[in-house]
Amino acid sequence: MIEERATVEAAKAAFDSEFEKFEDLAVNGDDAAALLNEVAALRVRHTGKKSSLAEAKKLIGKVPPESRGEFGQFVQSVEKDLVERLDGVEALLAAAVSNAKTEAERVDVTLPGRRVKRGTLHPITIVRQRIEEIFVSMGYSIEDDREIETDYYNFDALNIPEGHPARESQDTFYTTDGFALRSQTSTVQIRAMERRGVPIRIIAPGKVFRRDTPDMTHVPMFHQIEGLCVDKGITMAHLKGTVTEWLKRLFGEDTVTRFRPSYFPFTEPSAEFDFSCFKCHGTGKLEGERCRPCKGSGWIELGGSGMVHPNVLKAVGVDPKVYSGFAFGFGLERMAALMYSIDDIRHLFENDLRFLEQFG
Ligand SMILES: [Zn+2]
């Protein structure tokens, strides 16, 4: 029995020497987590199935019967001591880990708050909203509609016949099942007149799509604002008055407009309209230099317009002998580029915050 007892004492001594570092432990949270792992390993090594203590337990049966009870109690008391010390230090370390976590997550209410970054409106949105406000104040309502259209709404109803170059696939995007991405917002005129009838006064801002190769002044997706007014007795004078009025409200009272004869399938007669440069007030010169927005001409070309073609009115069941109307359209990118002196409209679609943040 002396020999067996010595085996158990050796096991206990081995444990004691390894456990020494855990006595009188003062740890911070980071160490505690690592030490917890060490304690777990220690527990396996000294009280697990392959430990010396487990081997000693097997000896209990080999000890002479008269000493067996005493030896058994001895082994048990050693095991109990080891387990209690391990449990004690483990609880201590677990508490240290938990405290460190709480500390790390504590909110210091005296620190200044983190500022939430405010976004800004996109320049296209800013310009669109300003123009919308002007037209709403002039009695127009704002119409929106689908961007994918049938050939009927994109072309036929707008008096663009089969064989017209605008219908070719090199100019227009088509879906694989034959729908067109609208190439102008005039489609909204047709839909709005079908739905609301006449008289009507609307503007239709929206995206349009054309197969253009992107460069400084072209992108394959851009925004248009289309205007339409149909009533009894509407003439070219109303068109000129309306276009001049909203440009005055946007660029100032001294703005003047001019109309140049042109051709569009959906208007007759048709005209392109220009307005006097808002930078040089039509003089073409700015501080002695050639004015950039108008390239020294004093005029800025903006869009197309005209009297609604009788065929367009007929397409929506309106009698052109009773009703007449005007329509006009222009690009928002060009407008934004002029107003904010943007030299390349591709900047508008690159989502570069350094560019976009300038418009707040
Ligand atoms: Zn100018």
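Residues numbered from 1 in each chain as written. Predicted model: local features only at pLDDT ≥ 70, side-chain atom pairs only at ≥ 80, totals over all residues. Heavy atoms only, no water.

## Looking at the overall build of the protein chain
Right, so step 1: Regarding its fold elements, the protein chain presents 11 helices and 11 strands.
Right, so step 2: Taken over C-alpha atoms, the radius of gyration comes to 42 Å for the protein chain, far larger than the 21 Å a tight globule of 360 residues would show.
Right, so step 3: Once the C-alpha set of the protein chain is aligned to its principal axes, its extents read approximately 130 × 55 × 35 Å.
Right, so step 4: Counting only residues that meet the buried cut, the protein chain has 41% of its 360 residues in that class. (Helix = DSSP H or I, 4+ residues; strand = E, 2+ residues; numbered from the N terminus. Rg over C-alpha atoms; globule rule 2.2 N^0.38 Å. Buried < 20%, exposed > 50% of the residue type's maximum accessible area, 1.4 Å probe, protein only.)

## Remarks on helix H8 (residues 236-251)
Helical periodicity: at 3.6 residues per turn, an α-helix aligns residues three or four positions apart in one direction.
Right, so step 1: Along its 16 residues, H8 runs 22 Å from first to last C-alpha, staying within 8% of the 22 Å computed at 1.5 Å per residue.
Right, so step 2: Turning to H8, its buried residues number three or more, namely Leu 239, Thr 242, Val 243, Thr 244, Trp 246, Leu 247, Lys 248, Leu 250 and Phe 251.
Right, so step 3: The secondary structure elements touched by the buried residues of H8 are helix H5 (123-137), strand E6 (257-264), strand E7 (267-276), strand E10 (299-308), strand E11 (324-331) and helix H10 (332-339).
Right, so step 4: In this structure Thr 235 caps H8, since a side-chain oxygen of it lies 3.1 Å from the backbone nitrogen of Ala 237.
Right, so step 5: Immediately beyond the C-terminal end of H8, within one or two residues, lies Gly 252, with a positive phi of roughly 115°. (Expected span 1.5 Å × (residues − 1). Contact = heavy atoms within 4.5 Å. Polar contact = N/O pair within 3.5 Å; in protein donor to acceptor, adjacent residues only side chain to side chain.)

## Remarks on the nonpolar core
Right, so step 1: Grouped together as the largest cluster of nonpolar side chains are 48 residues, with contacts concentrated most on Ile 131, Trp 246, Leu 247, Phe 328 and Met 335.
Right, so step 2: Core analysis: the next-biggest nonpolar cluster, separate from the first, contains 21 residues, Phe 155, Met 193, Phe 266 and Val 312 among them. (Core = buried A, V, L, I, M, F, W, Y, C linked by side-chain atoms within 4.5 Å.)

## Thoughts on the packing of helix H3 (residues 52-59) against helix H4 (residues 65-105)
Right, so step 1: Axis separation between H3 and H4 bottoms out at 10 Å; the angle between their running directions is 160°. Between H3 and H4, the angle falls in the class roughly antiparallel. Handedness of the H3/H4 crossing: left-handed. Counted together, Leu 53, Ala 56, Lys 57 and Leu 59 of H3 and Phe 71, Val 75, Val 78, Glu 79 and Leu 82 of H4 form the full contact between these two elements.
Right, so step 2: Its residues assigned to classes, the contact of H3 with H4 shows seven nonpolar, no polar and two charged. (Axes fitted to C-alpha atoms, helices over the stretch in contact; angles between N-to-C directions. Parallel < 35°, antiparallel > 145°, perpendicular 65-115°, else oblique. Left-handed = near helix turned anticlockwise from the far one by under 90°. Nonpolar A, V, L, I, M, F, W, Y, C, P; charged D, E, K, R; others polar.)

## Re the sheet that holds E6
Pairing between sheet strands relies on hydrogen bonds along the backbone, with the strands arranged either parallel or antiparallel.
Right, so step 1: A sheet is described by the order of its strands in space; here seven strands give the open sequence E1-E4-E5-E11-E10-E7-E6, paired in mixed fashion. Each edge of the open sheet carries a strand with a single partner, namely strand E1 (141-142) and E6.
Right, so step 2: Examined bridge by bridge, E6 and E7 share seven bridges and lie antiparallel to one another. Note on E7: the bridge partner recorded for Arg 258 is Asp 274.
Right, so step 3: Sitting on the sheet, H8 is in contact with E6, E7, E10 and E11, with an inclination near 35° to E11. (Pairing = 2+ DSSP bridges.)

## Points about a negative patch on the surface
Right, so step 1: Where like charges cluster on the molecular surface, the negative patch consists of Glu 168, Asp 171, Asp 212 and Asp 215.
Right, so step 2: One can find Glu 168 in the loop between helix H6 (151-154) and strand E3 (180-181). (Patch = residues over 30% accessible without salt bridge, like charges linked within 9 Å, V, L, I, M, F, W, Y side chains within 5 Å. Areas by Shrake-Rupley, 256 points an atom, 1.4 Å probe, with all protein chains shown as cover. Salt bridge = Lys/Arg side-chain N within 4 Å of Asp/Glu carboxyl O. Lys, Arg positive; Asp, Glu negative; His and termini not counted. Charge placed at Lys NZ, Arg CZ, Asp CG, Glu CD.)

## Focus on the domain arrangement of the protein chain
Right, so step 1: Segmenting the protein chain into domains produces domain 1 (2-105) and domain 2 (123-359).
Right, so step 2: A separation of 85 Å is found between the C-alpha centroids of domain 1 and domain 2. (Domains from an automatic or database assignment.)

## Some details on unusual backbone geometry
Right, so step 1: That bond from Val 198 to Pro 199 is cis: its omega, 0°, falls within 30 degrees of zero.
Right, so step 2: Structurally, Pro 199 can be placed in the loop between helix H7 (186-196) and strand E4 (200-209).
Right, so step 3: At the junction of Glu 268 and Pro 269, the peptide bond is cis and its omega measures out at -5° in the coordinates.
Right, so step 4: Along the chain, Pro 269 turns up in strand E7.
Right, so step 5: The backbone phi angle of Lys 295 is positive, close to 55°, even though this residue is not glycine.
Right, so step 6: With respect to the helices, strands and loops of the structure, Lys 295 is situated in the loop between strand E9 (289-290) and E10.
Right, so step 7: For Lys 295, a relative accessible area of 60% translates into the label exposed.

## Let's talk about the coordination of the zinc ion
Right, so step 1: Within the protein, the zinc ion binds to Cys 277 (SG), Cys 280 (SG), Cys 291 (SG) and Cys 294 (SG); these donor distances fall in the range 2.2 to 2.3 Å.
Right, so step 2: Around the zinc ion sit four donor atoms; with metal-centred angles ranging over 105 to 117°, the donor geometry is tetrahedral.
Right, so step 3: Along the chain, the residues that donate to the zinc ion are spaced as C-x2-C-x10-C-x2-C. Of the two residues, Cys 280 is situated in the loop between E7 and strand E8 (285-286) and Cys 291 in the loop between E9 and E10; the sequence distance between them amounts to 11 residues.
Right, so step 4: Judged by its relative accessible area of 0%, Cys 291 is buried. (Donors = N, O, S within 2.8 Å, 3.2 Å for Na, K, Ca; no water. Tetrahedral: all angles 85-135°; square planar, octahedral: opposite > 155°, others 65-115°.)

## Structural notes on the pairing of strand E5 (residues 221-231)
For a regular strand, the rule is simple: side chains alternate between the two faces of the sheet.
Right, so step 1: E5 sits mainly inside the fold: nine of its 11 residues count as buried.
Right, so step 2: Where E4 and E5 come together, 10 bridges link them in antiparallel fashion. Within the sheet, the bridge partner assigned to Pro 205 lies in E5 and is Ile 225.
Right, so step 3: In terms of strand pairing, E5 meets E11 through eight bridges, oriented antiparallel. For Asp 231, the partnering residue across the bridge sits in E11 and is Ser 324.

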